[in-house]
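Listed below, chain by chain, are the residues.
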Amino acid sequence: MSRIGKRPITVPNKVTVTINGSHVAVKGPKGELSRVLPSTVTVEQEGDTILVKRHDESRLSRQLHGLSRTLVANMVDGVSQGFQKRLEIQGVGYRAQVQGRNLVLSLGYSHPVQIEPPEGIQLAVENNTNVIVSGFDKELVGNVAAQIRDKRPPEPYKGKGVRYAGEAVRRKAGKAGKK
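Keep in mind that this is a model prediction, so the values were computed, not measured.

Asker: Looking at this structure, I do not really get helix 2 (residues 138-150). What am I missing?
Answerer: In an α-helix there are 3.6 residues to a turn, and that puts residues three or four apart on one side. The terminal C-alpha atoms of helix 2 lie 18 Å apart, and with 13 residues this matches the ideal 18 Å at 1.5 Å per residue to within 8%. When we look at burial in helix 2, the residues that qualify are Val 141, Val 144, Ala 145, Ile 148 and Arg 149. Down the axis of helix 2, the sector holding all buried residues measures 140 degrees, keeping them to one side. In the core, the buried residues of helix 2 are packed alongside strand 7 (83-90), strand 9 (102-106), strand 10 (113-115), strand 11 (121-126), strand 12 (130-135) and strand 13 (161-164).

Asker: When you look at the sheet that holds strand 5 (residues 41-46) in this model, what are you seeing that I'm missing?
Answerer: The pairing of strands in a sheet happens through backbone hydrogen bonds and is either parallel or antiparallel. Read from one edge of the open sheet, three strands run 1-6-5, paired in antiparallel fashion. Each having just a single partner strand, strand 1 (9-10) and strand 5 make up the two edges of the open sheet. The strands touched by helix 1 (residues 59-80) are strand 1, strand 5 and strand 6 (49-54); relative to strand 6, the strand with the most contacts, the crossing angle is about 160 degrees.

Asker: I would appreciate a short explanation of the side chain of Arg 54 in the present structure.
Answerer: Tracing the backbone shows Arg 54 in strand 6. Of note is the side chain of Arg 54, whose polar atom sits 3.1 Å from the side chain of Glu 57. A distance of 3.3 Å separates the side chain of Arg 54 from the side chain of His 65, its partner in a polar contact.

Procedures and definitions
- Residues numbered from 1 in each chain as written.
- Predicted model: local features only at pLDDT ≥ 70, side-chain atom pairs only at ≥ 80, totals over all residues.
- Heavy atoms only, no water.
- Helix = DSSP H or I, 4+ residues; strand = E, 2+ residues; numbered from the N terminus.
- Expected span 1.5 Å × (residues − 1).
- Buried < 20%, exposed > 50% of the residue type's maximum accessible area, 1.4 Å probe, protein only.
- Arc of directions from axis to C-beta.
- Contact = heavy atoms within 4.5 Å.
- Pairing = 2+ DSSP bridges.
- Axes fitted to C-alpha atoms, helices over the stretch in contact; angles between N-to-C directions.
- Polar contact = N/O pair within 3.5 Å; in protein donor to acceptor, adjacent residues only side chain to side chain.

It is worth stressing that arrangement in space is one thing and function is another; only the former is reported here.
The structure is reproduced here in structure tokens:
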């Protein structure tokens, strides 16, 4: 039995969960999310807990059991608390600022890079070098953070670029030089 899949999901007070076959909709103070789960699993609500069960012991059912439980748990956490990812910008002259809803990055290119966030995502900047991506959809928060990082990934020689907070960048030695 999947260790992750068999764990129950507790639903906070302000969150409502609607289950219609394989379609799960979660509504809370931060927003509303819905998802269609695979047909090999069923979702049952008992009071303030949700259980994800699989139909049979086939390989596909076992694979999707823990995934489906995690997806539902992330939906419940997202609409109640929200998620955030932090990015750090390192490099001389590299900086970020928010103009309206858009994020404007100066990353050493000949032009500023503008990023327009999708609905449900908020962007904030601290100290011109720390970007905070927040929202209630974990998948969307991670995708937007990855798109920002892709504009200038950290390079291995000087470590300049955009990285996740706490990300370790493996550094390489430069040229050896003549003797």
